[in-house]
Amino acid sequence: MSQLMHMITRKMSTTRGAIEKVVVIGGGLMGAGIAQVAASSGYKVTLVEVNEQLVEKAKSNIQKSLARVAKKQFKDDEGAQNGFIATTLGRLEATCSLTDACRDTDLVIEAIVENIKVKHDLFAKIDSVAPQHTIFASNTSSLSITEIASVTKRPDRFGGLHFFNPVPVMKLLEVIRTANTSEETYKKLMEFGQGMGKVAITCKDTPGFVVNRLLVPYLAEAVRLYERGDASAKDIDIAMKLGAGYPMGPLELADYVGLDTTLNIISGWHENYPENPLFKPIATLDKLVQEGKFGVKSGEGFYNYKK
């Protein structure tokens with residue numbers, strides 16, 4: 001009996017205050033991926049979308065993704081595959097009720113559109129609903145975490161969790177710590193990321209954090225090189241793959257990321273830092289987006305992906 005009590009006491013001491021329940025808001029590619037990996041890592045997850053149709057779509061996408069992961073992880077062991085999928089889905093719920101989902105959770109991760117007003121509306125709505133201990137985090141790739149958190153009364157319990165696409169595959173997680181993020185919040189966010197099997201790095205709340213602060217200006221400069229007619233898109237990409245050892249060329253990568261997404265990031269940075277030449281608007285990028293050429297997802301960008 002004494003040994004059992006010791007185990008129970010030890011269990012309570014190691015999990016007390018730890019993140020166990022997670023709410024992911026947004027069931028798109030990023031949100032669904034975050035929810036999937038969190039659930040498969042042992043966390044209890046509630047995924048929130050705006051309507052039942054999107055809830056069902058997110059659940060379907062997660063099931064398909066889990067099947068791919070299970071097949072890769074367990075190869076020909078069909079029983080293990082089915083067990084992995086069933087266990088993960090058993091930890092995952094999906095709902096349209098935003099406020100109900102946030103009433104009992106340790107962590108809220110926002111993965112919605114990159115629009116500061118929409119994010120402000122969301123966090124203002126759930127700030128008074130979520131428990132006092134609940135940590136808020138944004139998966140934004142370009143907006144200021146401090147600015148997003150400004151509408152809440154918990155700036156000390158607010159940070160950034162920037163995952164990378166596709167979440168089940170990409171190992172990196174940028175944990176963003178603002179000037180207001182408490183040490184306790186920061187440690188919990190790092191532990192959560194590591195608990196998901198990610199390699200978690202720390203970055204201050206600076207434009208683009210680490211990866212996008214380096215990557216987006218690189219993509220932009222490649223577009224400017226193309227715009228000036230200095231080299232073709234194909235030759236620019238071949239040059240960086242064979243000359244620098246990159247797995248993808250910059251214009252291929254811009255198509256994959258989404259030209260609309262790239263444009264939104266550059267435009268936002270230019271608005272906040274108009275004197276920085278790296279953030280200068282690019283006419284060619286703007287033209288492609290206006291024409292609905294977003295890259296891979298629309299079937300055409302710098303390259304044509306339509307069969």
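To be clear, the structure that these remarks concern was listed above.
Keep in mind it's a predicted model, so treat the numbers as computed, not measured. (Residues numbered from 1 in each chain as written. Predicted model: local features only at pLDDT ≥ 70, side-chain atom pairs only at ≥ 80, totals over all residues. Heavy atoms only, no water.)

**Examining the overall build of the protein**
Of the regular secondary structure elements, the protein holds 13 helices and eight strands. Computed over C-alpha atoms, the radius of gyration of the protein comes to 21 Å, within 12% of the 19 Å expected from 2.2 N^0.38 for 307 residues, which places it in the range of a compact globule. For the protein, the C-alpha atoms occupy an extent of roughly 80 × 50 × 40 Å along the three principal directions. In the protein, 37 positive and 35 negative side-chain charges are present, and the distance between their average locations comes to 4 Å. (Helix = DSSP H or I, 4+ residues; strand = E, 2+ residues; numbered from the N terminus. Rg over C-alpha atoms; globule rule 2.2 N^0.38 Å. Lys, Arg positive; Asp, Glu negative; His and termini not counted. Charge placed at Lys NZ, Arg CZ, Asp CG, Glu CD.)

**What about the layout of surface pockets?**
Reported here for the second largest pocket is a volume of approximately 390 Å³. Looking at the second largest pocket, it is lined by 17 residues, and the ones nearest its centre are S142, L143, S144, G268 and N272. Sort the elements by how many residues they give to the lining of the second largest pocket and helix α12 (residues 259-272) lands first, with six residues. (1 Å grid on protein atoms, 1.4 Å probe; cavity = no way out; pocket = protein on both sides within 12 Å on 5 of 7 lines; lining within 4 Å. Points joined across faces, edges and corners; volume = space filled by probe spheres on them.)

**Quick look at the sheet that holds strand β2 (residues 44-48)**
Sheet strands line up and pair through hydrogen bonds in the backbone, either parallel or antiparallel. In space, the eight strands of this open sheet follow the order β3-β2-β1-β4-β5-β6-β7-β8, with mixed pairing throughout. Here the strands that pair on one side only, and so sit at the sheet edges, are β3 (92-95) and β8 (199-204). Averaged over all pairs of adjacent strands, the angle between their axes in this sheet comes to 25 degrees, without regard to strand direction. In this sheet, strand β7 (residues 172-177) lies alongside strand β6 (residues 158-163) in antiparallel orientation, the contact comprising four bridges. (Pairing = 2+ DSSP bridges. Axes fitted to C-alpha atoms, helices over the stretch in contact; angles between N-to-C directions.)

**Some points on a nonpolar patch on the surface**
A surface patch of nonpolar side chains, amounting to about 400 Å² of accessible area, comprises M248, Y256, V257, V296 and Y305. Of note, M248 is situated in the loop between α10 (233-243) and α11 (250-257). M248 gets classed as partly exposed once you look at its relative accessible area, which sits at 32%. (Patch = residues over 30% accessible without salt bridge, like charges linked within 9 Å, V, L, I, M, F, W, Y side chains within 5 Å. Areas by Shrake-Rupley, 256 points an atom, 1.4 Å probe, with all protein chains shown as cover. Salt bridge = Lys/Arg side-chain N within 4 Å of Asp/Glu carboxyl O. Buried < 20%, exposed > 50% of the residue type's maximum accessible area, 1.4 Å probe, protein only.)

**A closer look at the nonpolar core**
The biggest cluster of nonpolar side chains holds 36 residues, and the ones touching the most others in it are V22, V45, L107, L161, F163 and F192. Ranked by the residues each element gives to this core, the list is headed by helix α2 (residues 29-40), at seven residues. Each residue touching L107, except ones within four places of it in the same chain, is listed here: I19, K21, V22, V23, T134, I135, A137, L161, L189 and F192. Counting 21 residues, the second-largest nonpolar core is a separate cluster that includes A220, L253, L285 and L288. (Core = buried A, V, L, I, M, F, W, Y, C linked by side-chain atoms within 4.5 Å. Contact = heavy atoms within 4.5 Å.)

**Quick notes on the side chain of T134**
Note on placement: T134 falls in the loop between α6 (116-127) and β5 (135-138). Once you skip the residues sitting within four places of it in the chain, T134 turns out to touch T105, D106, L107, V108, R154 and R157.

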